[in-house]
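# A look at the structure
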Amino acid sequence: MDFWSEIVGQPAAVEALSRAAGPDGGPAHAWLITGPPGSGRSNLAYRFAAALIAREEADRERVFAQVRGRTHPDFAALTTQAAVIRIDSAREIVTTAHYAPSEGRYRVIVIEDADRMTEHTSNVLLKAIEEPPERTIWVLCAPSEADLLPTIRSRTRSVRLVTPSVADVTRLLVERDGVEPGLAERAARLAQSHIGMARRLASDPEAMSRRERSITGALTAHTLGDAMAVAATLVAIAQADADALTEQLDASEREDAMRNLGIAPGAAIPPKLRSQMKALEEDQERRRKRSLRDGIDRILTDLLSLYRDVLLSTLGAVGEPAGPGDDAGPAGALPQLVNAESGAAIRDLAERWNPEQALAVVSATEEARERLSRAITPGLVLEALFARIVMADNRVLKS
């Protein structure tokens, strides 16, 4: 596999960044990589950073390993697991922009989730981008250009990614991760080509099990009582997933913080250091809340794929399933079910619902995702959604 081979389904972006990072590239001082979730924005940004820093092409993989581990002296990254990027974090990384590269050709600063900067935080970054040091390059990542201030967009060169195909993601899982082709195809399909989620589904049986339970629960909600029970079950599934992701990280962070502050394991925290530990705990609490909401959003994304499958089935617009590693088929071919394993239940719903009802449920699921983004309590979002779905199933859906 060559240096860029993990970036699947993005030939135009790879060509542009590879050329810019070449010896005669003359790269812009600021870049904005946009694309849908799971399209590989962060991975592309980190590989671009390594290519910019490395003095020779033969050194790129070695530099990338350091960039990925955040140990290279000419690389810095700003990301967050909270809802927003804090202004103090932005100010801190801006100060590093003025350091000259010590080993590589350039100093590169990557900002993941740049869309999570508030206006005040964005203005801190704007000043740094407006007057960039000669050998410092900024690389920002966001879902779309509209997620950033126009003043920042106007000072960056934009690279847009697209959703890779299921076949592309399948090949990546097989070639990079050694996943069995059948499992790789299933994971890529169920993840709807989200590369990170496909890898997790393929490598973590419990993650695959949680998704199956979510779909099965949704398909068994026929009464309002069922709706409330399914909503509670899905919140519990998302909570368990969030806990699994954050508990180990929380403990490791607390241990590192205490060691750095010179506090022995199990010792009481001195009063003058409690504020620092409290700040860490507050950050971890924000991360737990975000992880839960992200988990609920993943469930809603899975449900959206389910109800879109139902809608396509009501319209008779479903093609034959592809085999492992098969391409999507010729142009104009009918789309395949994402949730092919639930094909019988999907066809049953399609027989009971007409296209208008199925479309209304799809719209209700999209609306639930929008409500979740407005910080409405996840349990209430799911309860309202399943109440509407039950009403659709009884053919009395109200707008």
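Residues numbered from 1 in each chain as written. Predicted model: local features only at pLDDT ≥ 70, side-chain atom pairs only at ≥ 80, totals over all residues. Heavy atoms only, no water.

Tracing the backbone through its elements, the reader meets S42 in helix α2 (residues 41-53). Expressed as a C-alpha distance, the spacing of S42 and R19, which sit 23 residues apart in the sequence, is 19 Å. In contact with S42, other than residues within four places in its own chain, are E112 and C141. (Helix = DSSP H or I, 4+ residues; strand = E, 2+ residues; numbered from the N terminus. Contact = heavy atoms within 4.5 Å.)

Let's shift gears to the side chain of E112. Its place among the elements puts E112 in the loop between β3 (107-111) and α5 (119-130). Since its relative accessible area comes to 13%, E112 is described here as buried. Engagement of the side chain of E112 in a polar contact is seen with the side chain of S42, the distance being 2.9 Å. (Buried < 20%, exposed > 50% of the residue type's maximum accessible area, 1.4 Å probe, protein only. Polar contact = N/O pair within 3.5 Å; in protein donor to acceptor, adjacent residues only side chain to side chain.)

As a further point, take the packing of aromatic side chains. With the rule as written, the count across this model stands at five aromatic pairs. Judged by centre distance (5.1 Å) and plane angle (85 degrees), the rings of F3 and W4 are edge-to-face. Each of the two residues, F3 as well as W4, counts as buried. Taken together through their ring pairs, the aromatic side chains of F3, W4 and F64 make up a single cluster. Sitting above the plane of the F3 ring, R47 keeps its charged end 4.9 Å from the centroid. We note R47 situated over the ring of F64; from NZ or CZ to the ring centre the distance is 3.9 Å. (Phe/Tyr/Trp six-rings, centres within 6.5 Å; stacked < 30°, edge-to-face > 60°. Lys NZ or Arg CZ within 6 Å of the ring centre and 35° of its normal.)

Counting residues in each nonpolar core, the largest one holds 37 residues, and the members touching the most others are L234, L300, L303, Y307, W353 and F386. Those elements that place two or more of their residues in this core are α10 (205-219), α11 (224-260), α12 (274-314), α13 (343-352), α14 (355-373) and α15 (378-393). Among the nonpolar cores identified, the runner-up in size contains 33 residues, and L17, W31, A51 and V108 belong to it. (Core = buried A, V, L, I, M, F, W, Y, C linked by side-chain atoms within 4.5 Å.)

Moving on: the pairing of strand β2 (residues 75-78). Side chains F75 and A77 of β2 all project onto a buried face; the interleaved residues A76 and L78 project onto the opposite face, where all are buried too. In this sheet, β3 lies alongside β2 in parallel orientation, the contact comprising four bridges. Paired with A77 across the strands is V110, a residue of β3. (Pairing = 2+ DSSP bridges.)

What follows covers α13. Each turn of an α-helix holds 3.6 residues, which means side chains three or four residues apart point in the same direction. For α13, the complete set of buried residues consists of G343, I346, L349 and A350. Down the axis of α13, the smallest arc covering the buried residues is 125 degrees, so these residues share one side. Set apart from the buried face of α13 by more than 90 degrees, the exposed residues are A344 and E351. Where the residues of α13 are buried, they touch α10, α12 and α15. (Arc of directions from axis to C-beta.)

Let us now look at the pattern of salt bridges. The final tally for this structure, using the stated rule, is 24 salt bridges. The salt bridge partner of R155 is E130, with a shortest N-O separation of 3.1 Å. With R155 in the loop between α6 (150-153) and β5 (157-160) and E130 in helix α5, this residue pair connects regions lying 25 residues apart in the sequence. For R155, a relative accessible area of 30% puts it in the partly exposed group. Accessibility expressed as a relative area gives 39% for E130, which makes it partly exposed. A salt bridge links E367 to R388; the shortest N-O distance between them is 3.1 Å. Within this pair, whereas E367 is found in helix α14, its partner R388 is found in helix α15, the two being separated by 21 residues in sequence. Classification of E367 by relative accessible area gives partly exposed; the value is 31%. Salt bridges sharing common partners tie together E6, R47, E61, R176, D177 and R199. (Salt bridge = Lys/Arg side-chain N within 4 Å of Asp/Glu carboxyl O.)

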